[in-house]
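The lines below spell out each chain.
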Amino acid sequence: MISMEVLITELNGLPVQDLERWISNRWVRPDGQAGTYLFREIDVARAHLIWELREQMQVNEDAIPVVLLLLDQLYDQRRHIKNACSQHERTAGDQIQ
Amino acid sequence: MAIAEVEDPYHALGVSKTATQDEIRNAYRNLAKKHHPDLNPGNPKAEERFKQVSAANEILSDPVKRGQFDRGEIDAIGQPRAQRPSYRDYAEGEDGHRYDPSDPSSDDWGGEDFSDLFNSIFTKTGRSQSRPSRQGLDQNYKLACDFLDAVNGTTRRLTLPDGRVLDVKIPAGTDSGQVLRLRGQGGPGTNGRPNGDALIEIQVSAHRFYTREGQNIRLTLPISLSEAVLGGPVPVPTPGGPVQMRIPPHSDGGTELRLRGRGVPAHGTKAKGDFYATLRLVLGEPDTALSEFFLNWKPEHPANPRLGLETIS
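For every chain, the first residue of the written sequence is number 1, and numbering continues from 1 onward in sequence order. Each chain is given a letter, starting from A, and each ligand a number, starting from 1, according to the order in which they appear as written. The predicted nature of this model means local features are confined to residues of pLDDT at least 70 and side-chain atom pairs, given and counted, to a pLDDT of 80 or more, with totals for whole chains, interfaces and linings taken over all residues. Side-chain numbers come from the whole structure's heavy atoms, not from hydrogens or water.

Caption draft 1: A look at the overall build of chain B. For the purposes of this entry, the term helix denotes a DSSP run of H or I that reaches at least four residues, the term strand denotes a run of E that reaches at least two, and both are numbered from the N terminus. When helices and strands are tallied, chain B shows nine helices and eleven strands. Relative accessibility under 20% of the residue-type maximum defines a buried residue, over 50% an exposed one, and the middle range a partly exposed one, all with a 1.4 Å probe and only protein chains included. For chain B, the residues scored as buried account for 34% of the 313 residues in total. Note on contacts: a residue pair is in contact if any heavy atoms of the two residues lie within 4.5 Å. By sequence separation, contacts in chain B at least 24 residues apart represent 55% of the contacts at least 6 residues apart. Surface exposure here means Shrake-Rupley accessible area, sampled with a 1.4 Å probe, where a residue is shielded only by the protein chains that are shown. Within the structure as shown, chain B displays about 19700 Å² of accessible surface, and the carbon and sulfur contribution to it stands at 52%.

Caption draft 2: Structural context of the overall build of chain A. Along chain A, the regular secondary structure elements total four helices and two strands. The order of helices and strands in chain A, counted from the N terminus, is β-α-α-β-α-α. Out of the 97 residues in chain A, the part that is buried amounts to 44%. Total accessible area on chain A stands at roughly 5300 Å², and carbon and sulfur atoms take up 51% of it.

Caption draft 3: Summary view of the packing of aromatic side chains. Only rings of Phe, Tyr and Trp enter the pairing, Trp through its six-membered ring, and a pair is recorded when the two centres are within 6.5 Å. The plane angle decides the type: under 30 degrees is stacked, over 60 is edge-to-face, the rest tilted. Applying the stated rule across the entire model yields nine aromatic pairs over all chains. Every member of this aromatic cluster is reached through a ring pair, and the members are Y75 of chain A together with Y87 and Y99 of chain B. For a Lys NZ or an Arg CZ to count as sitting over a ring, it must be within 6 Å of the ring centre and within 35 degrees of the ring normal. Directly above the ring of Y99 of chain B sits R46 of chain A, whose terminal nitrogen or CZ lies 3.8 Å from the centroid. Of note, R218 of chain B hangs over the ring of Y276 of chain B, and the distance from its end group to the ring centre comes to 4.7 Å.

Caption draft 4: Region of interest: unusual backbone geometry. Of note, the phi angle at Q58 of chain A is positive, near 55°, even though the residue is not glycine. Overall, Q58 of chain A belongs to the partly exposed group, its relative accessible area being 49%.

Caption draft 5: Helix α3 (residues 41-55) of chain A, seen in detail. A rise of 1.5 Å per residue sets the reference length of α3 of chain A, with its 15 residues, at 21 Å; its end C-alpha atoms lie 21 Å apart and thus fit the reference within 8%. For α3 of chain A, the buried fraction is high: 13 of the 15 residues fall into the buried class. What a helix is expected to span follows from its residue count: subtract one and scale by 1.5 Å.

Caption draft 6: Focus on the packing of helix α3 (residues 44-60) of chain B against helix α4 (residues 63-70) of chain B. Residues and elements named next belong to chain B. Axis lines are fitted to C-alpha atoms, over the contacting stretch for helices. Their N-to-C directions set the angle, which ranges from 0 to 180 degrees. Between α3 and α4, whose axes approach to 6 Å, the crossing angle comes to 100°. Comparing the axis directions of α3 and α4 gives the class roughly perpendicular. Judged by residue contacts, E58, I59 and L60 of α3 engage K65, R66 and F69 from α4. Each residue is assigned to one of three groups, with Ala, Val, Leu, Ile, Met, Phe, Trp, Tyr, Cys and Pro labelled nonpolar, Asp, Glu, Lys and Arg labelled charged, and all others, Gly among them, labelled polar. The class makeup of the residues in the contact of α3 with α4 is three nonpolar, no polar and three charged. To sort the angles, those under 35 degrees are grouped as roughly parallel, those over 145 as roughly antiparallel, those from 65 to 115 as roughly perpendicular, and the leftovers as oblique.

Caption draft 7: Local environment of the interface of chain B and chain A. Contact with chain B, which involves 38 residues of that partner, is made by 38 residues of chain A. Here the buried area means the combined drop in accessible surface, using a 1.4 Å probe, for two parts upon being joined, counting both sides. Taking both partners together, chain B and chain A bury about 3700 Å²; carbon and sulfur atoms supply 58% of that area. Of all residues in chain B, the largest losses of buried area upon contact with chain A belong to Y87, R98 and Y99 of chain B, amounting jointly to 21% of the total for that side. Take a side-chain nitrogen of Lys or Arg and a carboxyl oxygen of Asp or Glu: if they are within 4 Å of each other, that pair is a salt bridge. The tally of links between chain B and chain A comes to five salt bridges. As a salt-bridge pair, R98 of chain B and D43 of chain A come within 2.8 Å of each other at their nearest N and O atoms.

Caption draft 8: Looking closely at the pairing of strand β2 (residues 154-159) of chain B. All names here are of chain B. Here a strand pair is declared whenever DSSP counts at least two bridges between the two strands. Two elements, β2 and strand β3 (residues 165-170), share six bridges in a ladder whose sense is antiparallel. Within β3, the residue paired with L158 across the bridge is L166. Between the antiparallel neighbours β2 and β3 lie five residues, among them G163 with a positive phi of about 95°.

Caption draft 9: Just the sheet that holds strand β1 (residues 139-145) of chain B, in detail. Residues and elements named next belong to chain B. Strand order across the open sheet formed by three strands is β1-β5-β4, with mixed pairing between neighbours. Among the strands making up the open sheet, the edge pair consists of β1 and β4 (179-182). For this sheet, the mean inter-axis angle between neighbouring strands, taken without regard to orientation, is 25°. Summarising the sheet, β4 and strand β5 (residues 198-204) pair through four bridges and their orientation is antiparallel. Of the residues in β5, the one forming a bridge with L180 is I200.

Caption draft 10: The sheet that holds strand β7 (residues 216-224) of chain B, seen in detail. All names here are of chain B. Sheet architecture is open: four strands sit in the order β6-β7-β11-β10, paired in mixed fashion. The open sheet has two edge strands with one neighbour each: β6 (211-213) and β10 (256-259). Strand-to-strand twist across the sheet, computed as the mean angle between neighbouring axes with direction ignored, equals 35°.

Caption draft 11: Structural context of the environment of W27 of chain A. Structurally, the position occupied by W27 of chain A is in the loop between α2 (16-24) and β2 (38-39). Beyond its immediate chain neighbours, meaning those up to four positions away, W27 of chain A contacts W22, R46, I50, E61, I64, P65 and L68 of chain A together with Y99 of chain B.

Caption draft 12: Examining the packing of α2 of chain A against α3 of chain A more closely. Residue and element names in this part refer to chain A. Remark: α2 packs on α3, axes separated minimally by 12 Å, with the N-to-C direction vectors making an angle of 115°. Taken together, the axes of α2 and α3 are roughly perpendicular relative to one another. Considering how the two elements wind past one another, α2 and α3 form a crossing that is right-handed. Contact residues: D18, R21 and W22 in α2; A47, I50, W51 and R54 in α3. Here the residues of the contact of α2 with α3 sort into four nonpolar, no polar and three charged. Handedness of a crossing follows from how the near helix is turned relative to the far one, being left-handed for an anticlockwise turn of less than a right angle and right-handed for a clockwise one.

Printed below as a string of C-alpha cells:
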C-alpha cells in the first residue's frame, strides 16, 4: 500500500488534481478517505494504465471511462473463464480417477 | 545468452533513419495503442511486440541516445528495464474484483453472471476429453549474429524465455533475414500431438571492413604508392584466412581485383562466391625524396587524368 504522495512521485508529471479527479470519478478506488488515501498494487497499476492511455496513446479523458468499462468487462469475463476452467479441471480429474 | 529483442529500433517502429522526432512519436503512439499488454490480455505476441516497440522508443525518442545508436555507440538492446507489473497481472486475479463492472456503487452495467453458461458448456464437452488435441504452435525468435560467424558458420547456445537451452547451428553462408527452423522446439502439443517448431530469424550485423553482396564479399584494400606502381604480392585478409594477392604493376586507385572462390563458402545449392578487393592508394607520411622526385620528374607520356570530365558543361 502506498500513499498519494508516493503515487504522484511515481507518475512523474501527473498533477495531483488529475489523480483526485480520477478518484472522484471512481476510475481508481483507493482505500481510506481524501487526505489519507492508501493505494493497493492493483490501484497503482490501474493509475499507470490510465496515465499511459492518456499520455502515450493520446486517449482523451472523455473516452477513458469507455475504455475502462470495456476492459473491466473483459477482465471480469476472463476471471469467470479461468474459474470455470479450474472447476472443470477438478471435475474432470475426479472422472478420470 | 538469452534471445533479446535485437530488432533495429527504426525497423521496430517502422520509420526511416531520417524520421523526425514527431514521426517517431506518432509511430510509437500508434503501435502502443495496438500492442499494449493491458489491452491484449492473454496475447504473448502483443506483449513481445510492445516490449520491442517500447525499447525502440526508449532509444529513438531521446535525441542523445538516438545519436549514440546512429554512431554505433550503443546497440539496439540497451539496458533491460525492470518490468513494472501491468494492470492485467492483477485484474485477472482475485484482486480484480475491486474493479468489477458490477460494482454495487455504480449502475453502469448489470454484471451478468456467466458461470452458468460456462458450466453448461463444459458439462457437455467435458466427458469426451479434458483438453482438445492440438499441435503445438510455432514460436518466433530473432538472433543477432556476427558477420564472420554467419559467413563461416558457427554454433550458438540460446536460452529460450521458458528456460530451455538450445544449441543452434548457424550454417556457413547464412544471410541476414534467413530463418532457421528447429523442429519440435516450439510450443508443446496436447494429447500426444507434436510440438510446434522454433523459428529463428538470423540478423547479421554489419562488418567494419567487409560488405556482402549475395555470395560475393567486398573489401577496400589500402596499398602504397610503390605497390601501385611496381605491383607485387600483398597479403589480403579474407573471411577464410589471409591470402597473397598479386597486384599488377601500374594499378590505379579504384581498380577492382578478384580472388575467385574466396567469398562466401558454398552452401545448399549456392556455389561459393568471389572476393573483390577495391584498391585505395595511401600516400602515407610526407616524404622529401618522393617530393623531390616529382619536382624533377618528366612523365614519359604526359596525360590529363581529368580529360573525361571536360564533357560536363
